[in-house]
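# Summary of the model geometry
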Amino acid sequence: MRISVIGCGYLGAVHAACMAKLGHEVVGIDVDEKKISDLAAATAPFFEPGLDDLLREVQSTGRLSFSCDAAAAAGSRVHFICVGTPQRHGENAADLTFVDAAVEALLPHLSPGDVVVGKSTVPVGTASRLNRRIRDVQPEATLVWNPEFLREGHAVADTLHPDRLVYGNEDGLEDNPAVSVLDEVYASPISSGTPRLVTDHPTSELVKTAANSFLATKISFINAMAELCEAAGADVTQLADAIGLDDRIGRKFLNAGIGFGGGCLPKDIRAFMARAGELGADQALTFLREVDAINMRRRSKVVELTRELCDGSLLGKRITVLGAAFKPESDDVRDSPALSIAAQLQLQGAVVTVTDPKALRNAQRRFPELHYQQDAEVAMSGAEALLLLTEWKQYRDLDPYELSGSVATPKILDGRNILNPEKWRAAGWSYRGLGRP
Ligand code: UDX
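Analysis parameters
- Residues numbered from 1 in each chain as written.
- Predicted model: local features only at pLDDT ≥ 70, side-chain atom pairs only at ≥ 80, totals over all residues.
- Heavy atoms only, no water.
- Disulfide = S-S within 2.5 Å.
- Buried < 20%, exposed > 50% of the residue type's maximum accessible area, 1.4 Å probe, protein only.
- Near = heavy atom within 4 Å.
- Polar contact = N/O pair within 3.5 Å; in protein donor to acceptor, adjacent residues only side chain to side chain.
- Areas by Shrake-Rupley, 256 points an atom, 1.4 Å probe, with all protein chains shown as cover.
- Helix = DSSP H or I, 4+ residues; strand = E, 2+ residues; numbered from the N terminus.
- Core = buried A, V, L, I, M, F, W, Y, C linked by side-chain atoms within 4.5 Å.
- Contact = heavy atoms within 4.5 Å.
- Salt bridge = Lys/Arg side-chain N within 4 Å of Asp/Glu carboxyl O.
- Domains from an automatic or database assignment.
- Buried area = accessible area lost by both parts, 1.4 Å probe.
- Pairing = 2+ DSSP bridges.
- Right-handed = clockwise from strand over helix to strand, strands pointing away.
- Arc of directions from axis to C-beta.
- Axes fitted to C-alpha atoms, helices over the stretch in contact; angles between N-to-C directions.

Scanning all chains against the criterion turns up zero disulfides. Of all cysteine sulfurs in the structure, the one in C82 sits closest to C8, which takes part in no disulfide; the separation is 7.9 Å. Residue classification places C8 among the buried positions, given a relative accessible area of 0%. Free cysteine: C68, not disulfide-bonded; nearest cysteine sulfur from C8 at 9.1 Å.

Structure follows, in structure tokens:
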């Protein structure tokens, strides 16, 4: 099938490459010329494991091309909208400028029978509004909302083998003609057993925001337990292991630490609260305000614990922060708790060096005032305290015995609770975890 993908960021670039991998003929469209020229040269404009290889593989088949011109969408049967919906400046609500612009740019190129497929995370009500707009211009085209659940760092696998597919169409009916078009697009995952649900537009939009709100709530729940463990002298990692064995609860997303960040969970829960307010249902989501507050408190808690670790004063202390990305296997620093903590420490007088295997270029753009060092060994040498804030494998595998010779004082704060405290203490380190005695 001929497919266009509008918006070639984290979501769209991966989606375009994966659709070509599934056998479709795909054109990726974006207004950013640099992004398009990188992608056309089979280079991902961001770090995502496996994406460069996949781009090379599918481009050699001739099934994937890129363009800055929306007219390149003409002739495609399916048009995926994959642009960003960032938080509006100074507000909680989502900024729909890019979604609206993508749809407007597409309108002149739509033909009868075309299916526009929204993948971006949008406030409930957006799909029906856009569908009306599309119908005004091309009455025989239709819009399906097909939310994306991919995780950065696992984006290729999540797109090729999603755990579910949701199609929201205007009547919510299984026999809507757009359903069979999307079934053809996703024939491969469907044949390997991926469940597929057909809903109406608002339900499909809410599926995405509800899923992200649940995940954020789960993380903040365990971080609230970490606060209690801190007060009571208990260990939140053991608590998570024990409650996680109840399969109604489950162990996933119960890792207490510095909290969630990234381009999705923080802004999505805020946009959800804002939208609920507009719909007069704000009471239903007031708990998300607490979820957000618990999450942000973790960052201040880490600053306080670092001060304690540094004998009560941060002034002039040489602190090395391991990790800038919001999670490992990503170079994304959007709302990264690690970077936000690094910046707060620097503001309070510490001399902070940040290291990260992939995210330093993005980090530098975000916080140019921090000091960055790509080589982790050099970054750690002479440090008076280490803060492990993003759980990259290379930091998990650090050897406390080897490392104690190169730092100035063997002190470590494990912001992700991934190190073995006994081992580090036995090697002579002052070890602090979060929510652990
Ligand atoms: C998330 C959703 O998982 C995905 O389904 C959706 O499509 C987009 O948003 P992503 O932003 O890639 O994906 O990251 P995710 O793996 O969910 O992690 C989000 C944040 O939560 C990270 O900062 C991570 O470090 C943190 N986290 C995750 C925890 O602090 N504890 C956990 O137990 C799990």
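On we go.
Turning our eyes to something else, we now look at the site of the ligand. Neighbouring the ligand are 20 residues; F149, L150, E152, N255 and K327 lie closest to it. In the environment of the ligand, an oxygen atom lies 2.9 Å from a nitrogen or oxygen atom belonging to the backbone of F326. One of the side-chain N or O atoms of K327 is found 2.9 Å from an oxygen atom in the ligand. Relative to its unbound accessible surface of 670 Å², the ligand loses 92% to contact with the protein. Among the elements that line the shell around the ligand, the one with the most residues is helix 9 (residues 201-232), at four residues.

The next thing to look at is the nonpolar core. I319, L345, V354 and L387 are the most contacted members of the largest nonpolar core, which totals 46 residues. At the level of secondary structure, the elements contributing two or more residues to this core comprise helix 12 (286-309), strand 9 (318-322), helix 13 (337-347), strand 10 (351-355), helix 14 (360-366), strand 12 (385-388) and strand 13 (411-414). When residues in this core are grouped by element, the largest group, five residues, is from helix 13. Leave out the neighbours within four places in its chain, and V354 touches V321, G323, A324, A342, L360, L370, H371, Y372 and Q373. In terms of nonpolar packing, the next biggest core, distinct from the first, is built from 43 residues, V26, V58, L160 and Y167 among them.

It is worth spelling out the pattern of salt bridges at this point. With the rule as written, the count across this model stands at 33 salt bridges. The partner of K34 in a salt bridge is D38, and the shortest N-O contact between them spans 2.9 Å. One end of the pair, K34, and the other, D38, are both in helix 2 (residues 33-40), four residues apart, so they sit about a helical turn from each other. The partner of K119 in a salt bridge is E148, and the shortest N-O contact between them spans 3.4 Å. Taken together, the residues span a long stretch of sequence, with K119 in the loop between strand 5 (115-118) and helix 5 (126-137) and E148 in the loop between strand 6 (142-145) and helix 6 (155-160) at a distance of 29 residues. It is possible to trace a salt-bridge network through shared partners that takes in R270, D292, R299 and D335.

Our focus in this paragraph is the domain arrangement of the protein. Reports often express the size of an interface as the amount of accessible area lost when the parts come together. When cut into domains, the protein gives domain 1 (2-194) and domain 2 (200-437). Each partner contributes residues to the interface: domain 1 has 34 residues there, and domain 2 has 26 residues. Buried area between domain 1 and domain 2, both sides added, is near 2,500 Å², and the carbon and sulfur share of it is 59%. Broken down residue by residue, the surface that domain 1 buries against domain 2 is led by F47, V124 and E152, which jointly contribute 29%. Between domain 1 and domain 2 we count one salt bridge in total. Linking R334 and E152 is a salt bridge whose minimum nitrogen-to-oxygen distance equals 3.2 Å. At the junction of domain 1 and domain 2, the tally comes to 16 residue pairs in polar contact (both at pLDDT 80 or more). Only helix 5, strand 6 and strand 7 (165-169) provide two or more residues apiece to the side of domain 1 that touches domain 2. It is helix 5 that contributes the most residues to the side of domain 1 that touches domain 2, four residues altogether.

Further remarks concern unusual backbone geometry. Across residues other than glycine, the phi torsion is negative in most instances, and most of the peptide bonds are trans. In this structure, A42 is a non-glycine residue whose phi angle is positive, near 60 degrees. Here F253, not a glycine, exhibits a phi torsion of approximately 60 degrees, which is positive. Note on F253: relative accessible area 36%, which makes it partly exposed.

This brings us to the pairing of strand 10. Working note: regular strand, side chains alternate between the two faces of the sheet. Of all five residues in strand 10, four are buried; the element is thus mostly enclosed. Across five bridges, the pairing between strand 9 and strand 10 is parallel. The residue bridging V321 from the neighbouring strand is V354, located in strand 10. The parallel pair strand 9 and strand 10, bridged by helix 13, forms a crossover whose chirality is right-handed.

With that settled, the discussion passes to the environment of G263. With respect to the helices, strands and loops of the structure, G263 is situated in the loop between helix 10 (236-244) and helix 11 (265-278). Considering only alpha carbons, one finds G263 and T85, 178 residues apart in sequence, at a separation of 9.4 Å.

The next subject is helix 4 (residues 97-106). Within helix 4, burial applies to V99, A102, V103 and L106. Taken end-on, helix 4 shows its buried residues confined to a sector of 95 degrees, consistent with a single buried face. Packing partners of the buried residues in helix 4 comprise strand 1 (2-6), strand 4 (78-81), strand 5 and helix 5.

Here we come to the sheet that holds strand 13. As summarised here, the arrangement of the six strands in space is 11-10-9-12-13-14, forming an open sheet in which the pairing is parallel. Among the strands making up the open sheet, the edge pair consists of strand 11 (371-372) and strand 14 (430-432). Across the sheet, helix 12 touches strand 9, strand 12, strand 13 and strand 14, and the angle it forms with strand 13 is around 165 degrees. Here helix 13 sits on the sheet and contacts strand 9, strand 10, strand 11 and strand 12; the angle it forms with strand 10, its principal contact strand, is near 160 degrees.

In this section: the pairing of strand 5. Of the two faces of strand 5, the one carrying V115 and V117 and the one carrying V116 and G118 are both buried. Pairing of strand 4 with strand 5 involves four bridges; the strand directions are parallel. Residue pairing across strands places F80 opposite V117, the latter belonging to strand 5.

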